[in-house]
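Topology and contacts: notes
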Amino acid sequence: MALLPILQYPDERLHTVAKPVAQVDDRIRQLVKDMAETMYDAPGVGLAASQVDVHERVVVIDVSEEGNDLLVLINPEITWYSEESQVYEEGCLSVEGVYDKVERASEVKVKALDENGKPFEFHADGLLAVCVQHELDHLDGKVFVEHLSLLKQNRILTRIRKQQREAKKAAAAEKVTV
Ligand code: K1U
Ligand code: ZN
């Protein structure tokens, strides 16, 4: 098993639209294991393959209290959205330190393949519905901050670029003192 590096916004690769998995084989099962390990280690409640620079339609989710109920979604599709919506304060492992309210459908129906390539369907509400929609956005190259106003997106980008400049400066200073 391996911990995979998570791409950080505004990395352009996060905007790649992921391709369907052609065959659920040992390569995909290894990817699922590595993604699950990476999600639990972060820690997070979901992870899309796009976030680890693999542009195939694979998602792992675990919204259980104990972190022992892994949901593996390969080629997931949302087949129904409720008309009712809910607002949830979302976070993202690709946008560290940013949490903001996003409005999405309260309930969704999802179809997908499991890690053995077997089709299954389920109904989701609450955090699971939020998480499914957030992860499927990643597969379509969309990061949750793109649901926010342009003013908020610009503020987030400014803050991230400032943090990157400071981190670069600190790394350079460290090099000089060693
Ligand atoms: O896709 C991701 O970046 C993972 C993201 C999923 C998500 C969380 C909340 C709302 C929508 C989607 C995260 O897991 S962010 C971290 C997080 O929510 C969390 C971290 C530790 C414990 C519990 C939750
Ligand atoms: Zn995310």
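Look a little higher up for the structure.
Right, let's walk through the structure included here. Residue positions are given per chain, counting from 1 as you read along its sequence in written order. Whichever chain is written first is A, and whichever ligand is written first is 1; the rest continue in order. Local features in this predicted model are restricted to residues whose pLDDT is 70 or higher, and side-chain atom pairs enter the listing and the counts only when it is 80 or higher, whereas totals over whole chains, interfaces and linings include all residues. Note that water and hydrogens are dropped before the side-chain values are worked out from all heavy atoms of the structure.

**Here's the deal with the coordination of the zinc ion (ligand 2)**
- Distances decide who is a donor: an N, O or S atom must be within 2.8 Å of the metal, or within 3.2 Å for Na, K and Ca. Water is not included, so sites may look incomplete. The zinc ion (ligand 2) binds to the protein through Cys92 (SG), His134 (NE2) and His138 (NE2); the donor distances cover 2.0 to 2.3 Å.
- Along the chain, the residues donating to the zinc ion (ligand 2) are arranged with the sequence spacing C-x41-H-x3-H. Remark: histidine 138 occurs in helix α2 (residues 126-139) and cysteine 92 occurs in the loop between β4 (85-90) and β5 (100-105); sequence separation between them is 46 residues. In terms of burial, cysteine 92 and histidine 138 fall into one category: buried. Strands here mean DSSP runs of E at least two residues long; helices mean DSSP runs of H or I at least four residues long; both are numbered from the N terminus. Here the term buried applies to any residue with accessible area under 20% of the maximum for its type, exposed to any over 50%, and partly exposed to those in between, with areas from a 1.4 Å probe on protein chains only.

**Structural notes on the layout of surface pockets**
- A pocket, in this scheme, is an open set of points on a 1 Å grid over the protein atoms alone with protein on both sides within 12 Å along at least 5 of 7 lines, while a cavity is a set where a 1.4 Å probe fits but cannot get out; residues line either one if an atom lies within 4 Å of a point. Grid points are joined across faces, edges and corners, and a volume is the space filled by probe spheres set on the points. Looking at the largest pocket, its volume works out to about 470 Å³.
- At the level of secondary structure, the elements contributing two or more residues to the lining of the largest pocket comprise β4 and α2.
- Of the residues forming the lining of the largest pocket, the biggest block, six residues, is contributed by α2.
- Of the residues in the lining of the largest pocket, the class split is 13 nonpolar, eight polar and four charged.
- Empty space within the second largest pocket amounts to approximately 190 Å³.
- If you go around the second largest pocket, the residues you meet are Arg57, Pro76, Glu77, Ile78, Tyr81, Arg104, Gln133, Leu136, Asp137, Asp140 and His147.
- For the lining of the second largest pocket, the secondary structure elements donating two or more residues are β3 (71-81) and α2.
- Per-element accounting of the lining of the second largest pocket gives the leading share, four residues, to β3.
- Gly is put with the polar residues, along with every residue not named as nonpolar or charged; the nonpolar set is Ala, Val, Leu, Ile, Met, Phe, Trp, Tyr, Cys and Pro, and the charged set is Asp, Glu, Lys and Arg. Among the residues making up the lining of the second largest pocket, the classes are represented as four nonpolar, two polar and five charged.

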